[in-house]
Protein chains: 2
Amino acid sequence: MEHNINKHISGKFNEELENVRNQVLSMGGLVEQQLNSALDAVAKGDSELAKKVKENDYRVNAMEVNIDEECTRIIAKRQPAASDLRLVVAIAKTIADLERIGDEAERIAKVALDSFTKDQQGLLANIENMGRLVSKMLHDVLDAFARMDAQKAFEVHKADERVDREYEALTRQIMTYMMEDPRSIPRVMELIWSVRSLERIGDRCQNISEYVIYFVKGKDIRHVSQDMIAKTI
Amino acid sequence: MEHNINKHISGKFNEELENVRNQVLSMGGLVEQQLNSALDAVAKGDSELAKKVKENDYRVNAMEVNIDEECTRIIAKRQPAASDLRLVVAIAKTIADLERIGDEAERIAKVALDSFTKDQQGLLANIENMGRLVSKMLHDVLDAFARMDAQKAFEVHKADERVDREYEALTRQIMTYMMEDPRSIPRVMELIWSVRSLERIGDRCQNISEYVIYFVKGKDIRHVSQDMIAKTI
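Along each chain, residues carry numbers from 1 onward, in the same order as the chain's sequence is written. Chains carry letters from A onward and ligands carry numbers from 1 onward, assigned in written order. Local features in this predicted model are restricted to residues of pLDDT 70 or higher, and side-chain atom pairs are both shown and tallied only at a pLDDT of 80 or more, whereas totals for entire chains, interfaces and linings draw on every residue. Remark: hydrogens and water are excluded; side-chain values derive from all non-hydrogen atoms of the structure.

- Under the annotation held in an unreviewed UniProt entry, chain A carries the name Phosphate-specific transport system accessory protein PhoU and is attributed to Pseudoalteromonas qingdaonensis.
- UniProt positions are given in the numbering used here, feature names are shortened, and annotations may be inferred rather than shown by experiment. Of the comments in the UniProt record for chain A, the one headed Sequence similarities (unreviewed entry) reads "Belongs to the PhoU family."
- On record in UniProt, under Function (unreviewed entry), the comment for chain A is "Plays a role in the regulation of phosphate uptake."

Written as structure tokens, this is what we have:
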């Protein structure tokens, strides 16, 4: 099931490519940390932590630009073909999604800069729960990427359905809250945005899972039904 | 100022690359049409047109997948370097943003499936105005892409500020409306999403303008201030 990527790299690729792959994993680790810090900041109302998330976003951006340059350099210099090229393409796309996940984490952290009533804290707790679900999805897809495990990537792909359901439920819950206490709308709208950000992160994890499957199976499975993906795997 | 791309292509690139560039322009034209149809559908409450936008989205998706494959094939077969490679990279990134703009257009069109009170029609008119601004941005950035005109791309980059201001103003206006008529919240929330979609399209046009500048100037100017971009150009 699992693609033996290490063997593959030592055979066909040089250290440069192994190196760039490690950079993607570091970037993934940083983005995961940013998301978890954002969720912690929201759960604890910790504005200091929220500010740290904001400050660290430039590191995510810098990593994307560096890895992207490195990918272009590798293509120009090493002229990879077949699965080597697919790996570079998968990396280039993955980092674009990781960078945007970093942006969403920053947006979520902003919620911790506001203060909320006790009633609203209940909504925050639900957002945190959804956040942990999404955080696990990110963790799992990075794991699938690290091991280039198409099966695991497909599990993540399917997990997005649950995130979408949570998103629907939470949005409805927040709207009900708004209807009962209209004066809260400007503040509570911030919560709607953060729930939306979490849903977007789920989508981006799903994108990354598609790149892993593309690399391993050599097939572009975007815009394809999950039944068809199951057949590919 | 303008990069002589036709000369460049006939010299170093073959028909394949000219062909893929034309495909991007066709895809851009289709996405522009999708956005304008979505805005028309919302303005006129035309649910038939809205359904057509939804039905046509698969065409945008298919174009992205085809062009993406063609880019990978060109890299593998022709092993482009320097500005040739930059063009392929710029194309691959541009179509990813175009595809997402198509998704946003589909989301905006959904508004036309609901019916709105006369009061709410006023909000719709404002959304349409913002939409036309964004549509012009898309048109201009596709034009900048077609001519690989870094100066024009930079103009689009700067235009996003105005879209962001409109976004803030409209969001505030819709929230005020919600506070005055809380029962309208579930319906009016759809308007908030479409305003958000327009703001996202503006961001994606800005992304495309960055790829044009990257191609022409050979510099990655993402996450860079506009003062610095002005110096690059």
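Structure shown, so let's carry the discussion forward.
## Looking at the interface of chain A and chain B
- Here, residues are in contact when the closest pair of their heavy atoms is within 4.5 Å. Each partner contributes residues to the interface: chain A has 35 residues there, and chain B has 37 residues.
- When chain A packs against chain B, close to 3300 Å² is buried across both sides, 61% of that on carbon and sulfur atoms.
- Between Lys or Arg on one side and Asp or Glu on the other, a salt bridge is scored when a side-chain nitrogen of the former is within 4 Å of a carboxyl oxygen of the latter. Where chain A touches chain B, the interface holds six salt bridges.
- With its nearest N and O atoms 2.2 Å apart, the salt bridge here joins D68 of chain B to K93 of chain A.
- A 3.5 Å cut-off defines polar contacts: any pair of N or O atoms within that distance qualifies, except that in protein one atom must be a possible hydrogen donor and the other a possible acceptor, and neighbouring residues in sequence count only when both atoms are side-chain atoms. At the junction of chain A and chain B, the tally comes to ten residue pairs in polar contact (both at pLDDT 80 or more).
- Only DSSP runs of H or I with at least four residues qualify as helices, and only runs of E with at least two residues qualify as strands; both kinds are numbered from the N terminus onward. No other element matches helix α7 (residues 185–217) of chain A, which puts ten residues into the side of chain A that touches chain B.
- The residue classification treats Ala, Val, Leu, Ile, Met, Phe, Trp, Tyr, Cys and Pro as nonpolar and Asp, Glu, Lys and Arg as charged. All others, Gly included, are polar. In terms of residue class, the side of chain A that touches chain B is built from 18 nonpolar, six polar and eleven charged. The quantity reported as buried area is the accessible area (1.4 Å probe) lost by two parts once they are put together, taken as the sum for both.

## Description of the pattern of salt bridges
Residues and elements named next belong to chain A.
- The final tally for this structure, using the stated rule, is 46 salt bridges over all chains.
- Linking E48 and K51 is a salt bridge whose minimum nitrogen-to-oxygen distance equals 3.6 Å. Residue E48 and its partner K51 are both found in helix α3 (residues 47–78); the two are separated by three residues, about one turn of the helix.
- Here E48 falls in the exposed class, since its relative accessible area comes to 52%.
- Each residue's exposure class comes from its accessible area (1.4 Å probe, protein chains only) as a fraction of the maximum for that residue type: buried when under 20%, exposed when over 50%, partly exposed otherwise. Judged by its relative accessible area of 40%, K51 is partly exposed.
- Salt bridges here are not isolated pairs; linked through shared partners, they connect K136, D140, D143, R147, D149 and K152.

## Re the side chain of E104 of chain B
- Secondary-structure assignment places E104 of chain B in helix α4 (residues 82–109).
- If sequence neighbours within four positions are ignored, E104 of chain B has contacts with S197, R200 and I201 of chain B.

## As for the UniProt feature "domain: PhoU" (unreviewed entry) in chain A
Residue and element names in this part refer to chain A.
- As recorded in UniProt, the sites labelled "domain: PhoU" (unreviewed entry) are residues 25–111 and 127–212.
- When the span residues 25–111 is considered, its composition is 92% helix and 0% strand, and the gap between its end C-alpha atoms is 28 Å.
- With 93% helix and 0% strand, the stretch residues 127–212 has end C-alpha atoms that lie 28 Å from each other.

## Side note on the packing of α4 of chain B against helix α7 (residues 185–217) of chain B
- Between the N-to-C directions of two axes lies an angle of 0 to 180 degrees, each axis being a line fitted to C-alpha atoms and, for a helix, fitted only over the stretch in contact. At a minimum axis separation of 9 Å, α4 of chain B and α7 of chain B run at an interaxial angle of 170°. It follows that α4 of chain B is roughly antiparallel to α7 of chain B by the angle criterion. Working rule for angles: under 35 degrees goes down as roughly parallel, over 145 as roughly antiparallel, 65 to 115 as roughly perpendicular, anything else as oblique.

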